[in-house]
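Below are the chains, spelled out letter by letter.
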Amino acid sequence: MANKNDKNSQSSFPSEGAESGYITGSEALMRALQAEGVKTIFGYPGGAIMPVYDALYDYTRGEKKCFDHILVRHEQGAAHAAEGYARVSGKVGVALVTSGPGATNTLTGVADAMMDSTPIVVIAGQVPIGALGTDAFQEVDLVGVAQPISKWSYQIRHAEDIAWAVSRAFYIARSGRPGPVVLDFPKNAQTEMVEFHAEKVDFVRSYVAYPKLNQDAVRQAAELINAAKKPFALVGQGVELGNAQEELLAFLEKANIPAGRTMLGLSALPSDHPLNMGMLGMHGNYAPNLKEQECDVLIAIGMRFSDRVTGSLKTYAKQAKVIHLDIDRSEIDKNVKTDVAVIADCKESLPALTALVEKNDHKEWIDSFRPLAEREREKVIEPAIHPKEGMLLMGEVVNAVAEATKGDAVLVTDVGQNQLFATRYFKYNKNRSIATSGGLGTMGYGMPAAIGATFGAPDRTVVCFMGDGGFQMCIEELGTIMEQQAPVKMVLMNNNYLGNVRQWQDMFWQKRKSFTKMMNPCYEQVAKAYGIPYQAVVERKDLQAAVENMLATKGPYIMECAILEEDDVLPMTPPGMSVDEMMLEI
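Residues numbered from 1 in each chain as written. Predicted model: local features only at pLDDT ≥ 70, side-chain atom pairs only at ≥ 80, totals over all residues. Heavy atoms only, no water.

(A) Molecular detail of the pairing of strand β20 (residues 488-494). Where burial is concerned, most of β20 is hidden: seven out of the seven residues are buried. Taking every second residue as pointing to the same face, both faces of β20 are buried, with Val488, Met490, Leu492 and Asn494 on one and Lys489, Val491 and Met493 on the other. As paired elements, strand β19 (residues 462-467) and β20 share six bridges and run parallel to each other. Considered in β20, the bridge of Met466 is made with Leu492. (Buried < 20%, exposed > 50% of the residue type's maximum accessible area, 1.4 Å probe, protein only. Helix = DSSP H or I, 4+ residues; strand = E, 2+ residues; numbered from the N terminus. Pairing = 2+ DSSP bridges.)

(B) Main features of the environment of Val415. Topologically, Val415 is positioned in the loop between β17 (410-413) and α18 (417-425). Classification of Val415 by relative accessible area gives buried; the value is 15%. Separated by 112 residues in the primary sequence, Val415 and Ala527 place their C-alpha atoms 21 Å from one another. Excluding residues that lie within four positions of it along the chain, Val415 makes contacts with Ser437, Gly441, Thr442 and Met443. (Contact = heavy atoms within 4.5 Å.)

(C) Examining the packing of aromatic side chains more closely. All chains considered together, the criterion is met by 15 aromatic pairs. Note on Phe305 and Tyr316: the rings are 6.0 Å apart at their centroids and 70° apart in plane angle, and the pair reads as edge-to-face. Here the residue Phe305 occupies a position in the loop between β14 (297-301) and α13 (307-310), and Tyr316 occupies one in the loop between α13 and β15 (321-326), the gap between them amounting to eleven residues. What makes Phe305 buried here is its relative accessible area of 1%. For the pair Phe471 and Tyr523, a centre-to-centre distance of 5.3 Å together with 85° between the ring planes defines the contact as edge-to-face. Taken as a pair, Phe471 in helix α20 (residues 468-473) and Tyr523 in helix α23 (residues 523-529) lie far apart in primary sequence, 52 residues in all. Its relative accessible area of 3% is what places Tyr523 among the buried residues. Among the aromatic residues, those joined into a ring-pair cluster are Phe42, Tyr85 and Phe455. (Phe/Tyr/Trp six-rings, centres within 6.5 Å; stacked < 30°, edge-to-face > 60°.)

(D) How the structure looks around helix α17 (residues 394-405). Over its twelve residues, α17 extends 17 Å from the first C-alpha to the last, a length consistent with the 16 Å expected when each residue adds 1.5 Å. Across the twelve residues of α17, ten count as buried, placing the element largely inside the fold. All buried positions along α17 are accounted for by Met394, Gly395, Glu396, Val397, Val398, Asn399, Ala400, Val401, Ala402 and Thr405. Buried positions along α17 lie against α16 (369-385), α18, β19, β20, α24 (543-552) and β22 (557-562). (Expected span 1.5 Å × (residues − 1).)

(E) Structural context of the sheet that holds strand β6 (residues 120-126). The strand order across the open sheet formed by six strands is β4-β3-β5-β6-β8-β7, and the pairing between neighbours is parallel. Two strands in the sheet have a free side with no partner beyond their single neighbour: β4 (68-71) and β7 (152-155). Across this sheet, the average inter-strand angle for adjacent strands is 20°, counted without regard to direction. Here strand β3 (residues 40-43) runs beside strand β5 (residues 93-97); their pairing, made up of two bridges, is parallel. Considered in β5, the bridge of Gly43 is made with Leu96. (Axes fitted to C-alpha atoms, helices over the stretch in contact; angles between N-to-C directions.)

(F) Representation of helix α19 (residues 446-456) in the model. Summarising burial for α19: ten of the eleven residues are buried, a large majority. When we look at burial in α19, the residues that qualify are Gly446, Met447, Pro448, Ala449, Ala450, Ile451, Gly452, Ala453, Thr454 and Gly456.

(G) Examining the sheet that holds strand β12 (residues 259-261) more closely. The six strands lie next to each other as β13-β12-β11-β14-β15-β16, forming an open sheet whose pairing is parallel. Because the sheet does not close on itself, it has two edges, and the strands there are β13 (276-279) and β16 (340-343). Across this sheet, the average inter-strand angle for adjacent strands is 15°, counted without regard to direction. Bridging between β15 and β16 involves four bridges; their strand directions are parallel.

(H) Summary view of the nonpolar core. Ranked by size, the top nonpolar core spans 99 residues in total, and within it Phe251, Leu298, Ile299, Phe465 and Met559 carry the most contacts. Residues in contact with Phe251, not counting those within four places in the same chain, are Ile225, Ile257, Ile299, Ile301, Leu350, Leu353, Thr354 and Val357. Counting 46 residues, the second-largest nonpolar core is a separate cluster that includes Cys66, Phe67, Val181 and Val201. (Core = buried A, V, L, I, M, F, W, Y, C linked by side-chain atoms within 4.5 Å.)

(I) Up close: the pattern of salt bridges. According to the stated counting rule, one finds 25 salt bridges in the structure shown. A salt bridge links Arg87 to Asp116; the nearest nitrogen and oxygen atoms lie 2.9 Å apart. Residue Arg87 is located in helix α3 (residues 75-89), and its partner Asp116 is located in the loop between α5 (107-115) and β6; the two are separated by 29 residues in the primary sequence. Given a relative accessible area of 1%, Asp116 falls into the buried group. Arg377 serves as the salt-bridge partner of Glu382, at 2.8 Å between the closest nitrogen and oxygen. In this structure Glu382 comes out as partly exposed when scored by relative accessible area, which is 30%. Here the salt bridges do not stand alone but share partners, grouping Arg177, Asp328, Glu331 and Lys334 into one network. (Salt bridge = Lys/Arg side-chain N within 4 Å of Asp/Glu carboxyl O.)

(J) Broad picture of the side chain of Arg261. Tracing the backbone shows Arg261 in strand β12. The buried charged residue Arg261 lacks any salt bridge partner; its closest oppositely charged side chain belongs to Asp272, at an N-O distance of 8.7 Å. There is a polar contact of 2.7 Å between the side chain of Arg261 and the backbone oxygen of Leu266. Separated by 3.5 Å, the side chain of Arg261 and the backbone oxygen of Leu269 make a polar contact. Non-local contacts of Arg261, meaning those with residues more than four positions away in its chain, are made with Val235, Leu266, Leu269, Ser271, Asn276, Gly278, Met279, Leu280 and Tyr428. (Lys, Arg positive; Asp, Glu negative; His and termini not counted. Polar contact = N/O pair within 3.5 Å; in protein donor to acceptor, adjacent residues only side chain to side chain.)

So, in structure tokens, the structure goes:
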């Protein structure tokens, strides 16, 4: 990538309404963020970022007000909140923290954003450049630590670099395959005086954000699809990141191609669309997983062939010709050998492909999914969402909320069984309706990401499903929810276990439950301490009314459900097994 002195990597334009004269680097940062259209910042102050917070004071109140600053209770929460904001809004999320532990606390969120292609910019304070390398108080080599887990990391060593670095950071974060950017901001650059001129970076040498579409590849892909008897599309989050949901529907409907969705791509296709065959992956739906092993042409759209989707690569889709549409060249042939690669933004590649594919029926092929789906419904889904006796199950709790929200809500989850049940049984009618930690699988993601989602989509209901383990990993963010009155509807599914680990111990480790049983606090008292409305649901007969009460209550809410300890997520493809060896029962 280009550096600051690369004249081809930048262009300048006057700051709209800019005042003449010099300002501090901290105020220059405010103006640079303003130029990028930033409205919301999630952060936590400290010594090395204090000049910036002093400048921020004027930009969050009075005539200069242009930002809302959300004070989180932990810097990891700032990064996850920025992720949740970005996921549902389609904009770049921003986190502002101090140096040392403040910066390193964000790195889990940075790694999470990198794995899931989420555009965030983390701005962290740093000791003055004269103190770098001296083991100064709260000094850490943030650029060096962040580089492997971010799309770009850069140290702003002088105030004159601020406008360029901020614009470049936002361009890199949101363009092409999105991802996180980390800006390390030494204190001297925050206090230096600079004559500010906003800059607009829209090109970086050696960084090709949007590869040129190869029409020959499109024609080859169309020929394979037109000749296919059993085509199957795998829809990933890339469709949503490229804002190509309408283009996806046009493609699928013209050729009548059935589709499965990855966990992160669930809301790219409406839940009730007739070509939607369900979720792919280890705990996805039975029919799409088995049909991957039967199709003759596999069309992967904006997905990365995660191991949780493919199962054993030795047996995965060996019978199929593989077409891979992706904006990121590095994903091609990384896990699954591709016959035709269409490397471009799917907003561009899908219409080009649609123009060349022929109208088709594939009725017999589509009908062949139904017996498998019915088998799963009978053996797994109905017992999970409509149990007749016993304690509450996670599936029925999720289903009750999904039915009540009618597919219009934003789903946020933590990680574990709560995530797997929630993504399986929630309903999606709108785009950008899911925020969950896919690639990194970060416990503690749910609550702060849900806070961010309420700011990213303030007109939508945000429901966050959490287990008792993940809830306690981010419990401090109840303070943020209290202060902001962020309307997060928190569904705490409490089974007194680290449920997903417990399930694996039962299945693969001779039921040796090693440190997965949890002693939990009284969540009612926790909710009371934070002034958040709370209701416990123990009996099935109370569930529906409790859900309705939660959704009708203005502001935040905690609904704790007492879940059967042995509730297991099914179906399941055991690790290392082929996707067509998916288990419907244990």
